[in-house]
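# Summary of structural features
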Amino acid sequence: DGGITQSPKYLFRKEGQNVTLSCEQNLNHDAMYWYRQDPGQGLRLIYYSQIVNDFQKGDIAEGYSVSREKKESFPLTVTSAQKNPTAFYLCASSTRLAGGYEQYFGPGTRLTVT
Amino acid sequence: DAKTTQPNSMESNEEEPVHLPCNHSTISGTDYIHWYRQLPSQGPEYVIHGLTSNVNNRMASLAIAEDRKSSTLILHRATLRDAAVYYCILRPLSIQGAQKLVFGQGTRLTINP
């Protein structure tokens, strides 16, 4: 089945540690995205990538880093510089072709930092 | 980015139609109207989108006002599985490239059995 995989579903870390969230897709999509969601709020864009080896900051990129070495993978690192890292993190992908209209989302990773 | 306004919450009964409104008075001529929904503890899923004409698919219908300043997502016969947060989003037309979606707080839909 085609789709987006995020692992793990739940992640716990101590304050001051960097943590990397995994996102893999087998939809052959060029574009990939990372969003953050806080309780009762909508999603906010952290980073996005249109093609391999290219990515741009979204609205809340501070304290996060990404890489896009393979088309299928777009890992997100939450660094110790992120002041409030506890949140629900969602990865998505989409085609870059004209007329592409849908973003496909993964199941999310719930990160808790104490 | 053009913004959308939705009620924070709505409630309906199972097997009845549901009309979810969205106001987007600053919409530009090339903005698509998209709807996504998010079930509890899951990622959002695409529901429907449109530009000017009303649209139907297996999940829902989208009614777009003639001036495009508002739209309504219609669930024809709600089930308990339709309980979710529904997001109305404007997506600028792009010839090619990534879609930067801006999610508001959405409408939390509760379905009563």
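Up top is the structure these notes are about.
Below or above, wherever it landed, is the structure these notes cover. (Residues numbered from 1 in each chain as written. Chains lettered and ligands numbered in written order. Predicted model: local features only at pLDDT ≥ 70, side-chain atom pairs only at ≥ 80, totals over all residues. Heavy atoms only, no water.)

Let's shift gears to the pattern of salt bridges. Residue and element names in this part refer to chain A. What the rule picks out here adds up to 6 salt bridges over all chains. K71 serves as the salt-bridge partner of D30, at 3.7 Å between the closest nitrogen and oxygen. Note that D30 is positioned in the loop between β3 (19-25) and β4 (31-37) and K71 in the loop between β7 (64-66) and β8 (76-78), a separation of 41 residues in sequence. Taking relative accessible area as the criterion, K71 reaches 23% and is therefore assigned partly exposed. Between R44 and D38 there is a salt bridge, with the nearest N and O atoms lying 2.8 Å from each other. On the basis of relative accessibility, which here comes to 39%, the residue R44 falls in the partly exposed class. Overlapping salt bridges bring together R36, D38 and R44 as one network. (Salt bridge = Lys/Arg side-chain N within 4 Å of Asp/Glu carboxyl O. Helix = DSSP H or I, 4+ residues; strand = E, 2+ residues; numbered from the N terminus. Buried < 20%, exposed > 50% of the residue type's maximum accessible area, 1.4 Å probe, protein only.)

At the junction of the two partners, chain B supplies 21 residues and chain A supplies 27 residues. Where chain B meets chain A, there are 0 salt bridges. Summed over the shared surface of chain B and chain A, the result is 4 residue pairs in polar contact (both at pLDDT 80 or more). For the side of chain B that touches chain A, the elements supplying multiple residues, two or more each, are β3 (31-38), β4 (45-50) and β8 (84-92) of chain B. With 3 residues, β3(B) is the single largest residue contributor to the side of chain B that touches chain A. The class makeup of the residues in the side of chain B that touches chain A is 8 nonpolar, 11 polar and 2 charged. (Contact = heavy atoms within 4.5 Å. Polar contact = N/O pair within 3.5 Å; in protein donor to acceptor, adjacent residues only side chain to side chain. Nonpolar A, V, L, I, M, F, W, Y, C, P; charged D, E, K, R; others polar.)

With that out of the way, let us pick up the state of the cysteines. Under the criterion given, the structure shown has 2 disulfides over all chains. With its sulfur 1.8 Å from that of its partner, A:C23 forms a disulfide with A:C91. Sign of the S-S torsion, about -70° for the bond between A:C23 and A:C91, identifies this disulfide as left-handed. Within this pair, whereas A:C23 is found in strand β3, its partner A:C91 is found in strand β9 (residues 87-94), the two being separated by 68 residues in sequence. Of the two residues, A:C23 and A:C91, neither departs from the other in class, the shared state being buried. The disulfide partner of B:C22 is B:C88, and the S-S distance across this bridge is 2.1 Å. (Disulfide = S-S within 2.5 Å.)

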